[in-house]
Every structure is written in structure tokens, then in C-alpha cells.
Amino acid sequence: MTDVTYEVRDQIMHVLLDGEDTLNSLTPHTIAGLNTMIEAAEKDHSLRAVVIRGAGRKAFCVGMDITFLADCFGDPAGVFVPFLESYHATLLRLESLPVPVVAQVDGLARAGGFELILACDIVIAAEDAKVGDVHVSFGVPPGAGASQRAVRKLGDQRAKALMLTPTWLDGPSMVQWGLALASHPYEELDAAVEAFVGSMRGQSRPVMAITKHLLTDARERGFREGLDHELALFKRLLAEVPDHAEGFTAFVERREPFWGDADVSGLR
């Protein structure tokens, strides 16, 4: 059974899918753990990023646990559908976190693990990672959002090539296809992720939250509507969040800024 453990170190929440013996597979227990983690991240205004990784060297996450999957196929309406609805909602919550979510991917990721990667903001992978969808090979379509996220992140043809065939991508291919920001040798992966999220320390959480929301929301709005929405949020930020003045003042005074912890969840 895959537990979800997490700890906060210097403004970064480190999340571990802790089920090495089952290749960090997913069960309702795992989804409950992800939701607990997400709730903690929502409440912790000290956070500047969340990093998710899998335990061990073999896998990030292989999708649904094989034993649990047998239960799902044995009772699709009573077990399979409720699980997918739960996972679907969890991934939406993860996407909506006010800080960037980084997937640190090494080893194998497929099906539900692939869907988890798609719901993260940034992906940094080991060069020898192995990522695929494989839902079609199992005789089922995706059910937790992969079709919609993949076509937005990869484009129409690449999404179809990946999801309609048993294609596997290694780290460099993930970068080439637009699924990952960067890939590194496994031995350098920890340091690369730390360097990336470290650049977010000391940033204004309210401004990061609003900017992430605007970038994510851009996929759903028309161009002109998105421009108007950005300007409207900028005006509200000036009126409701003091961080803009602090950033300017700190720059002029040549000091590090002191950011507040304003709640901007209502600025949508």
C-alpha cells in the first residue's frame, strides 16, 4: 500500500509516494493521503513550491495497484467509478494549489502515474525515466483527465501518438515532446530539482498564486478575455495585497523584501 508522506523544509513541501514494494501504485488510501497533503499545502502560507516524487529507484508511480484494479474490474460501478471520480477531483485540487507543483520523475510512470504528472505544473525527469499512458493497452480509456491535459500540454498529434499507442518516453523525449521542462542523469536529479525550487524561495506567495492562476486559466479563456482578466486581477492586487509596494521599496532600499501572507484564494 502506498502511503503519502510529506515534510516542509525551508518553504518547500517535499511529498513522497511511499510504496516502493508496489512501485508506488495508487489505491483509495493513496488518494486520501494526497488529499491530506493538498489540504496542508493550502493552509501553509510559508510554502513556495511542492515537490512530488516516488520512493525507490524503479518507479515514480505505475498507476492503480494491480490487486485493487482486480476489485475495480470486478465491480465497475461500485468500485472503479467512485475511485476515478475521487482521483479526478484530487488532481483538480492539486492543479489549483496556489504554489507550483513539481513532479520529480525517475523510473516508471504509466496510466494514473502519467495522469499525476500531467496535473503537475513542472516536470523534471531522470534521463532514464520511462513514461507512458497505456490505458488503451488495458482496454480502457483514461478517466482522471489525461485526454484533456495531454492535448493541452503536448498538442493534438503528440497526445494522440502517446495515448493511442504503447509509446514510452525517456527523459530527453519528455523534454522534446513538451511533457518535461528538463531531464538530468539520475545522480544529478535531486540537485537539479533543488536548484529549480530554490529559486522560488523568498518570492511573494500571493503574487505567485495570482500569476499561476492566470497562466493556468489562460487555457480556458479567449485571448481578449484573458487580457481583461489579467488587468482586472492586477487592479485588485494593488487594492487588496500590499506586497507590490514592499517589492518596490525593498528594491530601492537594496534589501530583501519582507512578504506578507495575504490570502488571495478569492482573487479569481
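Up top is the structure.
Computed from a predicted structure; not experimentally measured.

About the cut-offs
- Residues numbered from 1 in each chain as written.
- Predicted model: local features only at pLDDT ≥ 70, side-chain atom pairs only at ≥ 80, totals over all residues.
- Heavy atoms only, no water.
- Phe/Tyr/Trp six-rings, centres within 6.5 Å; stacked < 30°, edge-to-face > 60°.
- Buried < 20%, exposed > 50% of the residue type's maximum accessible area, 1.4 Å probe, protein only.
- Lys NZ or Arg CZ within 6 Å of the ring centre and 35° of its normal.
- Helix = DSSP H or I, 4+ residues; strand = E, 2+ residues; numbered from the N terminus.
- Expected span 1.5 Å × (residues − 1).
- Contact = heavy atoms within 4.5 Å.
- Polar contact = N/O pair within 3.5 Å; in protein donor to acceptor, adjacent residues only side chain to side chain.
- Pairing = 2+ DSSP bridges.
- Axes fitted to C-alpha atoms, helices over the stretch in contact; angles between N-to-C directions.
- Salt bridge = Lys/Arg side-chain N within 4 Å of Asp/Glu carboxyl O.

**Here we look at the packing of aromatic side chains**
Taken as a whole and assessed by the stated rule, the structure comprises three aromatic pairs. On the numbers, 5.3 Å between centres and 80° between planes, the contact of phenylalanine 73 with phenylalanine 80 is edge-to-face. Residue classification places phenylalanine 73 among the partly exposed positions, given a relative accessible area of 42%. Lying over the aromatic face of tyrosine 186, arginine 57 brings its terminal NZ or CZ to 3.6 Å of the ring centre. Residue placement shows lysine 130 over the ring face of tryptophan 168; its charged tip is 4.9 Å from the ring centre.

**Brief notes about helix α9 (residues 205-217)**
The terminal C-alpha atoms of α9, which comprises 13 residues, lie 18 Å apart, in line with the 18 Å expected from a rise of 1.5 Å per residue. Looking only at α9, the buried set comprises Arg205, Pro206, Met208, Ala209, Ile210, Lys212, His213, Leu214 and Asp217. Along its buried surface, α9 packs onto α1 (28-43), α3 (76-95), β5 (101-105), α10 (223-240) and α11 (243-253). Sitting at the head of α9, serine 204 places a side-chain oxygen 3.2 Å from the backbone nitrogen of valine 207.

**A closer look at the sheet that holds strand β2 (residues 12-18)**
Overall, mixed pairing links the six strands, which are arranged β1-β2-β3-β5-β7-β9 in an open sheet. Whereas interior strands pair on both sides, the edge strands pair on one side only; in this sheet they are β1 (3-9) and β9 (182-184). Between one strand and the next, the sheet's axes are offset by a mean angle of 20°, whatever the strand orientation. Where β2 and strand β3 (residues 49-54) come together, six bridges link them in parallel fashion. Across the sheet, the residue bridging to histidine 14 is valine 51, located in β3. The strands touched by α1 are β1, β2 and β3; relative to β1, the strand with the most contacts, the crossing angle is about 20°. Against the sheet, helix α8 (residues 186-198) makes contact with β2, β3, β5, β7 (122-126) and β9, and its axis sits at roughly 160° relative to β7, the strand it touches most.

**Some points on the pattern of salt bridges**
Oppositely charged side chains can form a pair if their charged atoms are brought close together. Inspection of the entire model under this criterion finds 16 salt bridges. The shortest N-O distance in the salt bridge between aspartate 190 and arginine 53 comes to 3.0 Å. Of the two residues, aspartate 190 is situated in helix α8 and arginine 53 in strand β3; the sequence distance between them amounts to 137 residues. Residue arginine 53 is classed as partly exposed on the basis of its relative accessible area, which comes to 25%.

Functional significance is not addressed by these values, which are geometric in nature.
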